[in-house]
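Report on the structure
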Amino acid sequence: MSSSTQAIADTTQRLTGIDLSHHNTVSDWSAITSAELSFVILKATDGMDYLDPTFADRFETLGTLGLVRGAYHFYETNDAPEVQASWFIENVGLRAGDLPPVVDIERVKAPVREGLQDEFKVFLDMLEDHYGMKPIIYTGPDFWTHVMKEHLPHYPLWIAQYGVDTPEIPDGWGNWTLWQYTDAHVVPGINGETDGNHFNGGIDDLRSVLLIDG
């Protein structure tokens, strides 16, 4: 496997995808495949021992349907990073053609642990060692700038910001790879609204950041 780099492309060239968890009810997978989505990212794990009950079946289904798929871990700042990384690795078997592993960090949970930035880097390193590519970091601009205060420009950025024409880029990054631009995206086959995301590039750019055989 090779290291990923950020996809930086003309802003008029953006693919669209969604992310799902057990909070989203899927009623018709065939309708989803007809919705012109370029990727689907699923919540897999949270903290040291939570597995989204819908993850395994949905991840397998996406592979069968041939959709580009991804999986993310919700990082709990009060849990040991080594245990969190091991839990994700135990439950998520990424293959060639999948997105790199994703970690969602957006809040600090009491009790506040010292060395938050160093512990987060331990988590990132463990995922990179296992999967062979740098994880994608999902975060919000305010949280990252005021809490993390860490420059990790070599990691692909998935930024969450709604109601803007262009997302705010946290200190240390030059651009975004994924942008969660809404939580009110409507997709046939999914009951209710879901998160909508743009990928910063076209199909060739997307292929360039996917896992490949080592």
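Whatever comes next refers back to the structure up there.
Criteria and cut-off values
- Residues numbered from 1 in each chain as written.
- Predicted model: local features only at pLDDT ≥ 70, side-chain atom pairs only at ≥ 80, totals over all residues.
- Heavy atoms only, no water.
- Axes fitted to C-alpha atoms, helices over the stretch in contact; angles between N-to-C directions.
- Helix = DSSP H or I, 4+ residues; strand = E, 2+ residues; numbered from the N terminus.
- Parallel < 35°, antiparallel > 145°, perpendicular 65-115°, else oblique.
- Contact = heavy atoms within 4.5 Å.
- Nonpolar A, V, L, I, M, F, W, Y, C, P; charged D, E, K, R; others polar.
- Left-handed = near helix turned anticlockwise from the far one by under 90°.
- Core = buried A, V, L, I, M, F, W, Y, C linked by side-chain atoms within 4.5 Å.
- Buried < 20%, exposed > 50% of the residue type's maximum accessible area, 1.4 Å probe, protein only.
- Polar contact = N/O pair within 3.5 Å; in protein donor to acceptor, adjacent residues only side chain to side chain.
- Phe/Tyr/Trp six-rings, centres within 6.5 Å; stacked < 30°, edge-to-face > 60°.

What follows covers the packing of helix α4 (residues 116–131) against helix α5 (residues 141–148). Interhelical geometry of α4 versus α5 gives an angle of 120 degrees and a closest axis separation of 11 Å. For the element pair α4 / α5, the angle class is oblique. Where α4 approaches α5, its residues Leu-116, Gln-117 and Phe-120 are matched on the opposing element by Trp-144, Val-147 and Met-148. In terms of residue class, the contact of α4 with α5 is built from 5 nonpolar, 1 polar and no charged.

The subject of this paragraph is the packing of helix α3 (residues 81–91) against α4. A pair of packed helices is characterised by two quantities: the angle between their axes and the separation of those axes. Across the interface, α3 lies against α4 with an axial gap of 8 Å and an inter-helix angle of 30 degrees. As judged from the angle between their axes, α3 and α4 are roughly parallel. Crossing geometry of α3 relative to α4 is assigned as right-handed. Two secondary-structure elements touch here, α3 through Pro-81, Glu-82, Gln-84, Ala-85, Ser-86, Phe-88 and Ile-89 and α4 through Glu-119, Val-122, Phe-123, Met-126, Leu-127, His-130 and Tyr-131. Split into classes, the residues belonging to the contact of α3 with α4 amount to 9 nonpolar, 3 polar and 2 charged.

Within the largest apolar cluster, 41 residues are counted, with the highest numbers of intra-cluster contacts made by Phe-120 and Ile-137. At the level of secondary structure, the elements contributing two or more residues to this core comprise β1 (15–20), β3 (39–46), α2 (55–65), α3, α4, α5 and β8 (157–160). Take this core: its biggest share by element is 6 residues, from α4. With residues near it in sequence (within four places) discarded, Ile-137 still touches Val-103, Ile-105, Phe-120, Leu-124, Trp-144, Leu-152, Tyr-155, Pro-156, Leu-157, Trp-158 and Trp-173. Phe-39, Ile-41, Ile-136 and Phe-199 belong to the second-largest nonpolar core, a separate cluster that totals 16 residues.

With that out of the way, let us pick up the side chain of Thr-139. Here Thr-139 lies in strand β7 (residues 136–139). For Thr-139, the side chain forms a polar contact with the main-chain oxygen of Ile-105, separated by 2.9 Å. If we ignore the near neighbours within four places in the chain, the residues touching Thr-139 are Ile-105, Trp-144, Leu-157, Trp-158, Ile-159 and Ala-160.

So, about the side chain of Arg-69. Within the secondary structure, Arg-69 sits in strand β5 (residues 69–74). The buried category is assigned to Arg-69, whose relative accessible area is 3%. A polar contact is formed between the side chain of Arg-69 and the side chain of Asp-98, at a distance of 2.8 Å. When neighbours within four sequence positions are excluded, Arg-69 is seen to be in contact with Val-40, Phe-59, Glu-60, Leu-62, Gly-63, Gly-93, Arg-95, Asp-98 and Leu-99.

What follows concerns the environment of Asp-28. Within the fold, Asp-28 resides in the loop between β2 (25–26) and α1 (29–33). Residue Asp-28 is classed as partly exposed on the basis of its relative accessible area, which comes to 32%. Excluding its chain neighbours within four sequence positions, the residues that come into contact with Asp-28 are Pro-188 and Gly-189.

On to the packing of aromatic side chains, then. Evaluation of the coordinates by the stated rule reveals 10 aromatic pairs. Considering the side-chain rings of Phe-88 and Tyr-131, the 5.9 Å spacing of their centres and the 75 degrees angle between planes classify their relative orientation as edge-to-face. With Phe-88 in helix α3 and Tyr-131 in helix α4, this residue pair connects regions lying 43 residues apart in the sequence. Under the relative-accessibility criterion, Phe-88 is labelled buried at 0%. When its relative accessible area of 3% is taken as the criterion, Tyr-131 is described as buried. When the ring of Trp-144 is compared with that of Trp-173, the centres are 5.1 Å apart and the planes differ by 50 degrees; the resulting orientation is tilted. With a gap of 29 residues between them, Trp-144 in helix α5 and Trp-173 in the loop between β8 and β9 (178–186) connect regions that are remote in the sequence. Trp-144 sits in the buried class, given a relative accessible area of 1%. Three or more aromatic residues joined by ring pairs form one cluster here, namely Tyr-75, Phe-120, Phe-123, Trp-144 and Trp-173.

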